[in-house]
Amino acid sequence: QVQLVESGGGLVQAGGSLRLSCAASGRIFSSYAMGWFRQAPGKEREFVATISGNDSTLQADSVKGRFTISRDNAKRTVFLHMNSLKPEDTAVYYCAVRRGPITSTPALYNYWGQGTQVTVSS
């Protein structure tokens, strides 16, 4: 079993930055994809970014140039560096792990964290 714990969320003004972290424990391998998704009130969960064990990445168009995903395989941690935040980035951000290659499809991820709230004020 894999457990994921996110941290780093909070309240920030538009234009500000945050760094989210997700620490994984349990049976996890560096070959697994690790990703971030988000869900705003009244909306479906949407893809943000994902990274493979050899650092290949995918990002949603809405965050390209502003968000960067990275991982530390030794510490089994994935990060989401968020810059130039906008009010529309407000959501609960979830970390996820897939026993396979990277994909933007939430249903293909096997494990999920509890989420961390990010609120961007205008």
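Fair warning: this is a prediction, and the values are worked out from it, not measured in the lab. For every chain, the first residue of the written sequence is number 1, and numbering continues from 1 along that sequence. In keeping with the predicted nature of the model, local features appear solely for residues at pLDDT of at least 70, side-chain atom pairs appear and are counted solely at 80 or more, and the whole-chain, interface and lining totals rest on all residues. For the side-chain quantities, the full set of heavy atoms in the structure was used; hydrogens and water were omitted.

On to the pairing of strand β9 (residues 91-98), then. Where burial is concerned, most of β9 is hidden: 7 out of the 8 residues are buried. The sheet contact formed by strand β4 (residues 33-39) and β9 spans 7 bridges and is antiparallel. What sits directly across from Gln 39, in β9, is Val 92. Burial status follows relative accessibility: with a 1.4 Å probe on protein chains alone, a residue under 20% of its type maximum counts as buried, one over 50% as exposed, and anything between as partly exposed. Helix and strand definitions here come from DSSP, where helices need a minimum of 4 consecutive H or I residues and strands a minimum of 2 consecutive E residues; each element is numbered from the N-terminal end. Any two strands are treated as partners once DSSP identifies two or more bridges connecting them.

Any pair of Phe, Tyr and Trp rings, taking the six-membered ring for Trp, is counted once the centres come within 6.5 Å. Such a pair is stacked with planes under 30 degrees apart, edge-to-face with planes over 60 apart, and tilted for the rest. Overall, the coordinates contain 5 aromatic pairs when judged by the stated rule. Measuring from centroid to centroid gives 5.5 Å for Phe 29 and Tyr 32, while their planes differ by 75 degrees, and the two rings are edge-to-face. Owing to a relative accessible area of 40%, Phe 29 belongs among the partly exposed residues under this scheme. Seen from their ring centres, Phe 37 and Tyr 109 are 5.0 Å apart, and the 75 degrees between their planes marks the pair as edge-to-face. Here Tyr 109 lies in the loop between β9 and β10 (111-112) and Phe 37 lies in strand β4, a separation of 72 residues in the sequence. Here Phe 37 falls in the buried class, since its relative accessible area comes to 0%. Each residue in the set Phe 37, Phe 47, Tyr 109 and Trp 112 is aromatic and connected to the rest through ring pairs, giving one cluster. A ring has a charge above it when a Lys NZ or an Arg CZ is no more than 6 Å from the ring centre and no more than 35 degrees off the ring normal. Over the face of the ring belonging to Tyr 94 we find Arg 45, whose NZ or CZ atom lies 3.8 Å from the ring centre.

Moving on: the state of the cysteines. When two cysteine sulfur atoms lie within 2.5 Å, the pair is treated as a disulfide. All chains considered together, the criterion is met by 1 disulfide. Across the disulfide from Cys 22 sits Cys 95; the S-S distance is 2.1 Å. Here the disulfide of Cys 22 and Cys 95 is left-handed, its torsion about the S-S bond being about -80 degrees. Here Cys 95 lies in strand β9 and Cys 22 lies in strand β3 (residues 18-26), a separation of 73 residues in the sequence. Classification of Cys 22 by relative accessible area gives buried; the value is 0%.

This next bit is on the sheet that holds β3. In space, the 4 strands of this open sheet follow the order β1-β3-β8-β7, with antiparallel pairing throughout. In this open sheet, the two strands that pair with only one neighbour each are β1 (2-7) and β7 (67-72). Averaged over all neighbouring strand pairs, the angle between strand axes comes to 15 degrees, with direction disregarded. For β7 and strand β8 (residues 77-82), the ladder comprises 6 bridges, and the chain directions are antiparallel. Residue pairing for β8: Ser 70 is matched across the bridge by Phe 79. Throughout, an axis means a line fitted to C-alpha atoms (over the contacting stretch in the case of helices), and angles, computed between N-to-C directions, take values from 0 to 180 degrees.

Taken by themselves, the reported measurements are silent on function.
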